[in-house]
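Structural overview
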Amino acid sequence: MLNFLYQHLWQQRPWTLRSLLILLSLLLIGRALPYLAPIHRQDIQQNDRAVEFSDRNGLPLGTILSRDQDHTAVVPLKDVSPVFIQAILAAEDGGFYQHGALDLKAIARSLLQVVQTQKVMSGASTITMQLARMLDNSPRTLSAKLGEIWLSWRLVAGMNRDEILEAYVNRLPMGGNLYGVEAAARVYFGIPATELNIAQSSLLAAIPNNPTYLNPYTAWKSLKKRQKYVLNRMVAEGYLTAPQAERIQQETVNLQPRQQGILAAPHFLFWLAKQLPPDHSPQIPTTIDKSLQQFVESQVRGVVYFLNSHNVHQAAALVLDNSTGEVLAYVGSTDYFSDRAFGRNDGVQALRQPGSTLKPFLYQLALENKVIRPNTVLADVPAHYAIPGAKLYSPRDYTETFYGPARVRIALANSLNIPAVKVLEKVGVGSFLTRLRELGFEHLTQPPEYYGLGLTLGSGEVSLWELARAYRIMAQAGKITPLVTQISQKPDSLSKAPVSWQNAPSWQLITNMLSDRYARAKAFGVDSILNLPFETAVKTGTSSNFRDTWTVGFSRDYTVATWIGNFDGEPMRQVSGVTGAAPLWNRIFLRLHEQNFPQPFTPPEKLVKRPICALSGLKPTLACPSVTQEYFWPEDLADYENHPDTFYQAVISKNKPYQLNLPPEYNEWLAKQPQTQLKAHQLKILFPQDGDRFLSPQGNSAPRLELKIARPNQEMVQWLLNGKQIAEGNQDSVFWPLKPGQWTLTVKNGANSDHVNFEVQAAKPQTARRGFSLGANP
């Protein structure tokens, strides 16, 4: 083969092969050239620079802040105290200005010590090698060490000693998220690096040796021990005398508080810093109201302290101006600087399950699409949903009770789960998910079947920022404008073209329902902590196992969103939205409107009010025991007039002035109501209902279905499936293992009988989903 190539390519076409070899060589050289060329100062210039943030009134919020939650401030070498230069050179590389990229004497000394003592006594890394490691933070392997040495040579080839030292002191790890001597000087001592004295300089020069375990705030004794080493090295290098070093070692050095140069809103400042363009101004005026921010911070700490015995350790809050979209207060945790409490986690941006806080957007979409009407009655009764390959899902409220017939207003205001699931079933998970994404819930990225019907109960994960933004849209009657964080920002530049839904009345109607203290009285009471001296619309939420509690609401002027929970996911103990996040929400709103109460909400436009029977939502009759008012679309008034209430039937009796006449889906609920009596001689199958369809998962153990009845007497009851008796006795329920097929359940009690038809299908195995959904129809 080689002989063939030689004869046909090299001898017959020598220029072809030679050209290929030359081209290949040039390509290899081209790829290697960046790793061969000297590195110049501009090649490693730091883009991050200190920024000064102020509030909307020009008051300082914080300085020395850059991207990725790291404090850094780049300064020229001439702006660093000479005594710090001496201290860092003595501690890290006394011969920096004499040797090249490598200190061959130090390497030889280190190797000799290893041979003599069988352990490493001193390092041999030069400042240039340390800078190379900072620029390319690879794992500590032999190949990485060789790469570090090569990078050091390239640095020496392209930069002088002062340029290398300047790059080094601006990148020094100084504990926590501090980098560079300027940032450390300002945070620890409140002064610029140019004003450092010898005691301060020797302390700072000690930190880079082990910044995690030599943090001045957490390891002062260890740091003082390392400082003594630095001072001894300065004596050895001739910068100090021994008596001077001893005096400096004993000198008292006062540290600044742990706020690291931040006076307020640390989470907000770190978050905003990430959004800044590379050419940002060093002074950023923000929309934060410092006085309000500090008040909210104190309230967050106070509420968590009060709930600490319920295993509550964290909270977050966000305050928005409705008219401008400006962020007025942003609190991400109880204490950003507390490592023990995971304080750096940002509760405003963290993704958590929102509980019931998404329900208002579902009801608004259903009203907008005329899937439901304002007076629609929803059945809050036991319901069962088949999930392919899993158990039947039976949603419940955390109170473990059922309301029965519930108008939309009552279902939403009391946060009833089953009516919400039924509305989502009508709207469609896909349509609801699309609307949520339009509202700015950008982290709901999975397909509809991933969330299933649980989407309305909080099966997805959202942030407090997204919730507050969406509720502000509700406060604006469906008008979307972006949130604003800087005074100089132009809102139109913050996002794509704004979306605005034209159906403002449906948004206004949801606001009206959420502000109705009497509508939510069953769950919260009329005078709960959700009720303020002025008009607000509010919704609470509690995620599964009490891991998160939320309260989000708005007045005419402001939107406030609060969260209570734990960053590590630990459940709280008996803390719901109204007992957890609501008190914080309440205090913030009272502070916002302590001078002036807001104007009341605008009534729903184009809708008209009519009297209705409170239970049925229809035009009241003489039999209706309770009458209230509800809004109607004008086009629904004719139906209102022509179809009066039929839920109540008059009964001539002193003890029972009326009797409920509800559809069959209420049978099970009715049977459990103490004041409800079925007609004499009436035997009813409560569950299953006629036409129900169930899925039986594959496997050895089939789930059991509870068959339930209501009966007028205590006589024996026969239970038959497809004509075959499965039980007999005076019990009101029987458990039956699901079996695929068409089934007719018949019950007999003397001369009374009832029957229903239902179907059981064998489910195909499917991957488990986060939410739940109805089994597909055949």
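Definitions and limits used
- Residues numbered from 1 in each chain as written.
- Predicted model: local features only at pLDDT ≥ 70, side-chain atom pairs only at ≥ 80, totals over all residues.
- Heavy atoms only, no water.
- Helix = DSSP H or I, 4+ residues; strand = E, 2+ residues; numbered from the N terminus.
- Buried < 20%, exposed > 50% of the residue type's maximum accessible area, 1.4 Å probe, protein only.
- Contact = heavy atoms within 4.5 Å.
- Areas by Shrake-Rupley, 256 points an atom, 1.4 Å probe, with all protein chains shown as cover.
- Phe/Tyr/Trp six-rings, centres within 6.5 Å; stacked < 30°, edge-to-face > 60°.
- Lys NZ or Arg CZ within 6 Å of the ring centre and 35° of its normal.
- Pairing = 2+ DSSP bridges.
- Axes fitted to C-alpha atoms, helices over the stretch in contact; angles between N-to-C directions.
- Parallel < 35°, antiparallel > 145°, perpendicular 65-115°, else oblique.
- Left-handed = near helix turned anticlockwise from the far one by under 90°.
- Core = buried A, V, L, I, M, F, W, Y, C linked by side-chain atoms within 4.5 Å.
- Salt bridge = Lys/Arg side-chain N within 4 Å of Asp/Glu carboxyl O.
- Disulfide = S-S within 2.5 Å.
- Nonpolar A, V, L, I, M, F, W, Y, C, P; charged D, E, K, R; others polar.
- Expected span 1.5 Å × (residues − 1).
- Arc of directions from axis to C-beta.

1. Quick notes on the overall build of the protein chain
When helices and strands are tallied, the protein chain shows 24 helices and 24 strands. Buried residues in the protein chain amount to 50% of all 778 residues. Contacts in the protein chain between residues far apart in sequence, at least 24 positions, make up 68% of those at least 6 positions apart. Here the protein chain displays about 37,600 Å² of accessible surface, and carbon together with sulfur accounts for 52% of that area.

2. Here we look at the packing of aromatic side chains
In this structure the tally under the stated criterion is 25 aromatic pairs. Aromatic ring contacts, followed pair by pair, group F687, F694, W736, W743 and F758 into a single cluster. Stacked on the ring of F295, the Lys or Arg R591 has its end atom at 5.5 Å from the ring centre.

3. Some details on the sheet that holds strand β1 (residues 52-54)
The strand order β2-β1-β5 describes an open sheet built from 3 strands, whose pairing is mixed. The sheet terminates laterally at β2 (60-62) and β5 (283-285), the two strands that pair on one side only. Along the sheet, successive strands turn relative to each other by an average axial angle of 35°, direction set aside.

4. What about the packing of helix α14 (residues 359-368) against helix α20 (residues 504-514)?
Taken N-terminus to C-terminus, the directions of α14 and α20 make an angle of 135°; their axes are 9 Å apart at the nearest point. In this view, α14 runs oblique relative to α20, as classed from their interaxial angle. Here α14 and α20 pass one another in a crossing that is right-handed. Along its contact with α14, which presents P360, F361, Y363, Q364, L367 and E368, the element α20 presents S506, W507, L509, I510 and L514.

5. Focus on the nonpolar core
F361, Y363 and F441 are the most contacted members of the largest nonpolar core, which has 94 residues in total. If near-sequence neighbours (up to four positions away) are discounted, F441 is found in contact with L358, F361, L436, V462, E466, L467 and A470.

6. Overview of the pattern of salt bridges
This structure, assessed with the given rule, holds 21 salt bridges. Across the salt bridge formed by D516 and R409, the nearest N and O atoms sit 3.2 Å from each other. Here D516 is found in the loop between α20 and α21 (521-524), whereas its partner R409 is found in helix α15 (residues 408-413), with 107 residues between them in sequence. According to the relative accessible area criterion, R409 is buried, its value standing at 6%. Here the salt bridges do not stand alone but share partners, grouping R407, R409, D516 and E630 into one network.

7. Quick word on the state of the cysteines
The bond known as a disulfide is covalent and runs between the sulfur atoms of two cysteines. Going through the model one piece at a time under the given rule, you end up with 1 disulfide. A sulfur-sulfur separation of 2.1 Å characterises the disulfide bridge that pairs C613 with C624. Because the torsion about its S-S bond is 100°, the bridge between C613 and C624 counts as right-handed. Of the two residues, C613 is situated in strand β13 (residues 608-613) and C624 in the loop between β13 and β14 (627-632); the sequence distance between them amounts to 11 residues. The two residues C613 and C624 agree in class, both being buried.

8. Topic: the packing of helix α3 (residues 82-92) against helix α9 (residues 198-206)
The contact between α3 and α9 brings their axes to 8 Å, and the two run at 35°. The way α3 lies across α9 gives a crossing that is right-handed. Across the interface between the two elements, V83, F84, A87, I88, A91 and E92 of α3 pack against I198, S201, S202, L204 and A205 of α9. Residue composition of the contact of α3 with α9, by class: 8 nonpolar, 2 polar and 1 charged.

9. A closer look at the sheet that holds strand β19 (residues 704-710)
Pairing in this open sheet of 3 strands is antiparallel, and the strands run β17-β19-β22 from one edge to the other. The open sheet has two edge strands with one neighbour each: β17 (684-687) and β22 (733-737). Averaged over all pairs of adjacent strands, the angle between strand axes in this sheet comes to 30°, irrespective of strand direction. When β19 meets β22, the two strands line up antiparallel, connected through 5 bridges.

10. Examining the environment of G94
For G94, the location among the structural elements is in the loop between α3 and α4 (104-117). Exposure remark for G94: the relative accessible area of 30% places this residue in the partly exposed category. If sequence neighbours within four positions are ignored, G94 has contacts with L89 and E237.

11. Comments concerning helix α10 (residues 220-236)
The first and last C-alpha atoms of α10 sit 24 Å apart over 17 residues, in line with the 24 Å expected at 1.5 Å per residue. Those residues of α10 that sit buried are L223, K224, R226, Q227, V230, L231 and M234. Burial along α10 is one-sided: seen end-on, the buried residues are contained in an arc of 165°. Opposite the buried face of α10, by more than 90 degrees, sit the exposed residues K221, K225 and A236. Along its buried surface, α10 packs onto α3, α9 and α11 (242-250). Looking one or two residues past α10, G238 carries a phi angle of roughly 90°, positive in sign.

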